[in-house]
Amino acid sequence: MARFIGKRILLSLITLVLLSLIVFIGAQVLPGDVGRSILGPLADQRAVDALNERLGTNDSLVSQYFDWIGGVLTGDMGNSLVFRRPISDVLGDALVNSLKLAIIAFIIVVPLSILGGVYAALNEGSKRDRFISLGGLSATAVPDFVWAVVLILIFSLLLGIFPVTATAPPGSGFVDQIYYLILPAMCLVFVLFGYIARMARAGTIEALDADYTRTAIIKGLPRRAVVRGHVLRNSLLPTIAVVATQAGYLLGGLLVIETIFNYQGIGQALYRAATQKDFPLLATGVLVVGVVYLVATLIADIMYSVLNPRVRLGGEQ
Amino acid sequence: MSTVAGTNTPTTSAAPVADEERKAQRERWALLWKSKTFIAGAIIVGIFVIFAIFGELIAPDDPFETNPLNDLAAPSWDHLFGTDRVGRDVFSRVIVGARNIMIVAPAATLLGTVLGTILGLVTGYYRGAVDDVLSRIIDAFLAIPVVILAMVVITSLGPSNLVIILVVGLVFAPVIARTVRAAVLQEVGMEYVAAAKLRNERTLYVLFAEILPNVMGPVLVEFTVRLGYAIFTVATLSFLGFGIQPPAPDWGLQVFDNYGLISGGYWWPVLFPALAIAILVVGVNLLADGIAKAFER
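This is a predicted model, so every value here is computed, not measured.

> What is the right way to read the overall build of chain A from this model?
Tallying secondary structure elements over chain A gives 13 helices and 0 strands in all. When its helices and strands are written in sequence order, chain A yields α-α-α-α-α-α-α-α-α-α-α-α-α. Each of the three principal axes of chain A carries a C-alpha extent, and together these read 85 × 55 × 35 Å. Within the span of chain A, comprising 317 residues, buried residues form 39% of the whole. Taking the intrachain contacts of chain A between residues at least 6 apart in sequence as the baseline, contacts between residues at least 24 apart amount to 69%.

This is the structure we're talking about:
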């Protein structure tokens, strides 16, 4: 068990190093002349040189990389060019905001999609099953900004129930903040529902087919007890893994949702960094997104192994 | 694609086996044409393909022609979907707007599928260290959402369709490689591969002429599934302003362009391109679902 977790953490660290290289190449090597890229073609050469000097882009790529990683590790990430604040502060505040939005989305989507998936599985092959499976798949495939547009049109403009922005007026209480976050969270719910429901459905169908389920039925246990005691306990395991993987997807979705609903989370911070060519913030922000994803999948894997005796005892799988 | 694949498997397989394989392929296609989801998907996607090719001929108006005297006109018989903020006909722009996404998304998917298939064949065949290295690289790429990765590269290199195709294709490749690799692993142990090796066939021949035709099913399934994701990604990038630039009649760009007007009650320049994206995506998914059901083993 300890060995499994140790190995898993080691692999995550290797992945993290590769991830940092990808981000470094994407945001610091590809632009070529970073200073010129930030200031634009009309800027004075002296200003470009000065900015390059300040950002350290005249150093060799190797020392640039280690300066950057060293800074991230010690918490000294430099300053954001757009926000004119330390990058660590910008990202810290943004992550807290994004976390609020993500939690609300997950509180709605996880029970809903598991219920949908299990219900579809219990009615496998029926019209209701096809409706949930295909409907969920289609909802998932439609881009988040399309959902946002449709939901805003219906719930904000037509019915006037929810506001078009996600940011509550300053000084709003807890309940008000949640109220402002419901519509953006709904967009994420639509996109996440299909994946999680599909996993829950597949897991349930597999468990329904298993020998232990057949034994329980033959023993004469009522269907309800079989589903609760034998099927669900096993079918929801793989679903946990998918929920965590979706946390990573969610970060991509936040980029769009936070931009549309004008919400100051990590997605909007990255978007502003990209549109205004704030390469230092962009690189570190994307790295943080990757780290959040890796940590989420690591926790999911460990949870899965703790809950699943087959992995825990080092058997198959 | 796959019907050819079945008949192409050369010599060593005895005649009855080849016949059986051909029959299985025929059954798969028959199954496909009986699948309601596949037909529905094919019709939807087919209509958009026609829009993409013959857009200007079908569109009632010039999608680029502005008319300041008739901006933001509500939908009417003159302008079915109304006009946008510079008076362009939204209906015409939705029809011609199919073209950009119908070129970029399939091109990116094709690039990813070709690269991924090659990668999957090679790693599945050799296994070992190549495999471990690849898995780590895949994990690293998967840790960043495609949209964010593409945004970084486009910020660095400037927006262009070529950059989008390359980024999306490159990110999809390892994911497709993983599926192909799993299929290849099942094939490597088969007798026909051993026979080809005994005949002293070159490795390239074994990979592409012997194994590839037998894993075309999963490759095709993966292609259609990825196509859905590619449309999602390309539309999202356009919407964020990182795709094709104005005044091109691209759906994502149209939503981006007119989005600010929505709270003023001008919903039509935003809703119709958004619906077009949704319908195309659902069509591709129906298609993918039908193909997956017919080809999955």
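> What's the story with the interface of chain A and chain B in this structure? I'm lost.
Accessible area lost upon the coming together of the parts is a frequently used measure of interface size. Between chain A and chain B, the residue contacts involve 39 residues of the former and 39 residues of the latter. For the side of chain A that touches chain B, the secondary structure elements donating two or more residues are helix 1 (2-29), helix 6 (127-141), helix 7 (144-158), helix 10 (223-260), helix 11 (266-275) and helix 12 (279-307) of chain A. Class assignment for the residues of the side of chain A that touches chain B results in 32 nonpolar, 6 polar and 1 charged.

> Can you walk me through the confidence of the model for chain B in this structure?
As a general rule, the predicted coordinates of low-pLDDT regions are not to be interpreted in detail. Residue and element names in this part refer to chain B. Per-residue confidence for chain B gives a mean pLDDT of 83; residues scoring 70 or more make up 93%. The least confident element of chain B, judged by mean pLDDT, is helix 1 (residues 2-8) at 43; the most confident is helix 5 (residues 98-126) at 90. Within the model, pLDDT remains below 50 along residues 1-14, and this stretch shows 24 contacts once partners closer than five positions in the same chain are excluded. What the predictor reports for the complex is a pTM of 0.85 with an ipTM of 0.84.

> Honestly, the nonpolar core in this entry has me stumped. Any pointers?
Note that soluble globular proteins tend to have their nonpolar side chains buried in a common cluster. Counting residues in each nonpolar core, the largest one holds 168 residues, and the members touching the most others are Ile196(A), Val286(A), Ala150(B), Val168(B) and Ile231(B). Aside from chain neighbours lying at most four places away, what touches Ile231(B) is Ile101(B), Ala105(B), Leu280(B), Val281(B) and Val284(B).

> I keep staring at the environment of Asp62(B) and nothing clicks. Help me out?
Topologically, Asp62(B) is positioned in the loop between helix 3 (36-58) and helix 4 (90-96). Sequence spacing of Asp62(B) and Arg93(B) is 31 residues, and the spatial spacing of their C-alpha atoms is 8.2 Å.

> Help me understand the packing of helix 3 of chain B against helix 13 (residues 268-295) of chain B, please; the structure alone is not making it clear to me.
Any two packed helices are characterised by the angle at which their axes cross and by the distance between the axes. Residue and element names in this part refer to chain B. Contact geometry of helix 3 with helix 13 gives a least axis separation of 7 Å together with a crossing angle of 140 degrees. Taken together, the axes of helix 3 and helix 13 lie oblique to each other. With respect to the hand of their crossing, helix 3 and helix 13 are arranged in left-handed fashion. The residues of helix 13 that touch helix 3, namely those facing Thr37, Phe38, Ala40, Gly41, Ala42, Ile44, Val45 and Phe48, are Ile279, Leu280, Gly283, Val284, Leu286, Leu287, Asp289, Gly290 and Ile291. Looking at the contact of helix 3 with helix 13, its residues break down into 12 nonpolar, 4 polar and 1 charged.

> Help me out: how do you make sense of helix 10 (residues 203-211) of chain B in this one?
Because each turn of an α-helix spans 3.6 residues, side chains separated by three or four positions end up pointing in the same direction. Residue and element names in this part refer to chain B. Within helix 10, burial applies to Val206, Glu210 and Ile211. Projected down its long axis, helix 10 shows its buried positions confined to an angular sector of 70 degrees, all on one face. Elements in contact with the buried residues of helix 10: helix 5, helix 8 (161-188) and helix 9 (191-198).

> Just checking my understanding: could you explain the environment of Gly87(B) for this structure?
All names here are of chain B. Within the fold, Gly87 resides in the loop between helix 3 and helix 4. On the basis of neighbour count, Gly87 is assigned to the partly exposed category, with 16 C-beta atoms found within 10 Å. Not counting chain neighbours up to four residues away, the residues in contact with Gly87 comprise Thr66, Asn67, Pro68, Leu69, Asn70 and Asp71.

> Help me understand the confidence of the model for chain A, please; the structure alone is not making it clear to me.
Summarising the model, chain A shows a mean pLDDT of 84, and 97% of its residues fall at 70 or more. Per-element confidence in chain A is highest for helix 11 of chain A, whose mean pLDDT is 90, and lowest for helix 13 (residues 309-312) of chain A, whose mean pLDDT is 62.

> Could you clarify how one ought to interpret unusual backbone geometry in this entry?
Glycine aside, negative phi is the norm for most residues, and most peptide bonds take the trans geometry. In the segment running from Pro246(B) into Pro247(B), the intervening peptide bond is cis, with an omega of 5 degrees. When you line up the elements, Pro247(B) lands in the loop between helix 11 (216-239) and helix 12 (251-258). Although it is not a glycine, Lys277(A) adopts a positive phi angle of roughly 55 degrees. Assignment of secondary structure puts Lys277(A) in the loop between helix 11 and helix 12. Since 18 C-beta atoms lie within 10 Å of it, Lys277(A) is described here as partly exposed.

> Honestly, the packing of helix 1 of chain A against helix 12 of chain A in this entry has me stumped. Any pointers?
Residue and element names in this part refer to chain A. Interaxial distance between helix 1 and helix 12 falls to 10 Å at its minimum, and their mutual angle equals 160 degrees. Judged on the interaxial angle alone, helix 12 and helix 1 are roughly antiparallel. As for the relative orientation of helix 1 and helix 12, their crossing is right-handed in sense. Partitioned by chemical class, the residues of the contact of helix 1 with helix 12 number 17 nonpolar, 6 polar and 2 charged.

> So what exactly am I meant to see when it comes to the environment of Met216(B) here?
Residues and elements named next belong to chain B. You can see Met216 is positioned in helix 11. Judged by local crowding, Met216 falls into the buried class, with 21 C-beta atoms found within 10 Å. Separated by 138 residues in the primary sequence, Met216 and Asp78 have C-alpha atoms spaced 48 Å apart.

About the thresholds
Residues numbered from 1 in each chain as written. Chains lettered and ligands numbered in written order. Predicted model: local features only at pLDDT ≥ 70, side-chain atom pairs only at ≥ 80, totals over all residues. Helix = DSSP H or I, 4+ residues; strand = E, 2+ residues; numbered from the N terminus. Buried ≥ 20, exposed ≤ 12 C-beta atoms within 10 Å, placed from the backbone. Contact = placed C-beta atoms within 7 Å. Nonpolar A, V, L, I, M, F, W, Y, C, P; charged D, E, K, R; others polar. pLDDT = per-residue confidence, 0-100. Core = buried A, V, L, I, M, F, W, Y, C linked by C-beta atoms within 7 Å. Axes fitted to C-alpha atoms, helices over the stretch in contact; angles between N-to-C directions. Parallel < 35°, antiparallel > 145°, perpendicular 65-115°, else oblique. Left-handed = near helix turned anticlockwise from the far one by under 90°. Arc of directions from axis to C-beta.

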